[in-house]
Amino acid sequence: MEDDILTIEEVAKYLRVSDRTVYDWAQKGEIPAGKIGTVWRFKKSKIEKWVNDKLSAPVKSNQSSQKIVVRNILSPDRIIFIPHSTKRDALTALAQNLGTAPQIKNKSELTSEILKREELMSTAIGRAIAIPHVRLASVTDLVVSVGICQNDLIDFQSIDDVPVRLLIMIAAAKEQHQYYLQTLSFFTSKLKQKEIRTALLSSENPTDAYKILTAE
């Protein structure tokens, strides 16, 4: 993307919303945007910050809110130690692991969509964390895999330039928008705690990591 400038269509694809929604947000000033002539354009770095700010904000409680219970969406067999040194290899390995979950009905689509989304915009949120995520019709219920990287992933283009070491991959059904956002916010907040990140990176096996992530 030339000069890291995105179109409405590219932003919509990244955010998994319609082109019209992005257009309306831009018109109302709800998303960072600017006009070149009569056409809306979006600076990639500003969209990344906007997304990260949204994920870090507390989710407003309402009747559709659902408590995030890690045991319901993650199991020890979906926590893996990743030996790869590149973003693509690490994401592929984690997507293949997540694809073994019964909620995933099309493993190849999951891997493909995760990689496509990452090519459009990095899911690294700083502090050595990345949260790749998708909503797909071929997913029956929200499910998570966690990757603990044994090497720095320096090609994630993190907003704070810190290499990624922790990957939280989330796949949800198309209609699970609210639960999906709550889960993203939950893991963003949880992993902002330095002691949790340190403990995960020091864990010796998936069982230990699972206990850290499921501790209240």
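Below you will find a few notes about this structure. Source: prediction; values computed, not measured. (Residues numbered from 1 in each chain as written. Predicted model: local features only at pLDDT ≥ 70, side-chain atom pairs only at ≥ 80, totals over all residues. Heavy atoms only, no water.)

### Here we look at the nonpolar core
Part 1: Counting residues in hydrophobic clusters, the biggest one holds 27 residues, and the most contacted among them are V144 and I170.
Part 2: Residue assignment for this core shows that the elements contributing at least two residues are α4 (70-73), β8 (143-153), β9 (164-173), α7 (177-191), α8 (194-202) and α9 (206-214).
Part 3: Counting 25 residues, the second-largest nonpolar core is a separate cluster that includes L110, A130, V143 and A171. (Core = buried A, V, L, I, M, F, W, Y, C linked by side-chain atoms within 4.5 Å. Buried < 20%, exposed > 50% of the residue type's maximum accessible area, 1.4 Å probe, protein only. Helix = DSSP H or I, 4+ residues; strand = E, 2+ residues; numbered from the N terminus.)

### Overview of the sheet that holds strand β1 (residues 5-6)
Part 1: Strand order in this open sheet of three strands is β1-β3-β2, and the pairing throughout is antiparallel. At either end of the open sheet lies a strand with only one pairing partner, and these are β1 and β2 (34-36).
Part 2: Bridging between β1 and strand β3 (residues 39-43) involves two bridges; their strand directions are antiparallel. Across the sheet, the residue bridging to I5 is K43, located in β3.
Part 3: Most of the contacts of helix α2 (residues 19-28) go to β3, to which it runs at about 85°, and overall it touches β2 and β3. (Pairing = 2+ DSSP bridges. Contact = heavy atoms within 4.5 Å. Axes fitted to C-alpha atoms, helices over the stretch in contact; angles between N-to-C directions.)

### Some points on the packing of aromatic side chains
Part 1: In total, this model carries two aromatic pairs according to the counting rule given.
Part 2: With a centroid separation of 5.6 Å and an interplanar angle of 55°, the aromatic rings of W25 and W50 are classed as tilted. Residue W25 is located in helix α2, and its partner W50 is located in helix α3 (residues 44-56); the two are separated by 25 residues in the primary sequence.
Part 3: For W50, a relative accessible area of 16% gives the class buried. (Phe/Tyr/Trp six-rings, centres within 6.5 Å; stacked < 30°, edge-to-face > 60°.)

### Here we look at the pairing of strand β7 (residues 133-136)
Part 1: Alternating residues of β7 divide into H133 and R135 and V134 and L136, and every residue in both groups is buried.
Part 2: Looking at chain direction, β7 and β9 are connected through four bridges and run parallel. Bridging from a neighbouring strand, R135 pairs with A172 of β9.

### Observations concerning the packing of α8 against α9
Part 1: At a minimum axis distance of 9 Å, the contact between α8 and α9 shows a crossing angle of 165°. Taken as axis vectors, α8 and α9 run roughly antiparallel relative to one another. Between α8 and α9 lies a crossing of left-handed hand. Side by side, α8 and α9 meet where I196, A199 and L200 of the first sit next to A209, I212 and L213 of the second.
Part 2: For the contact of α8 with α9, the class distribution of residues is six nonpolar, no polar and no charged. (Parallel < 35°, antiparallel > 145°, perpendicular 65-115°, else oblique. Left-handed = near helix turned anticlockwise from the far one by under 90°. Nonpolar A, V, L, I, M, F, W, Y, C, P; charged D, E, K, R; others polar.)

### Overview of the pattern of salt bridges
Part 1: This structure, assessed with the given rule, holds four salt bridges.
Part 2: Ionic pairing is found between E113 and K116, a salt bridge with its closest N-O pair at 3.5 Å. Placement of the pair is E113 and K116 together in helix α6 (residues 107-120), with a separation of three residues, close to one helical turn.
Part 3: The buried category is assigned to E113, whose relative accessible area is 16%.
Part 4: Residue K116 is classed as partly exposed on the basis of its relative accessible area, which comes to 39%.
Part 5: Between R165 and D152 there is a salt bridge, with the nearest N and O atoms lying 3.6 Å from each other. Taken together, the positions of R165 in strand β9 and D152 in strand β8 put the pair 13 residues apart, joining distant regions of the chain.
Part 6: With a relative accessible area of 22%, R165 lands in the partly exposed category. (Salt bridge = Lys/Arg side-chain N within 4 Å of Asp/Glu carboxyl O.)

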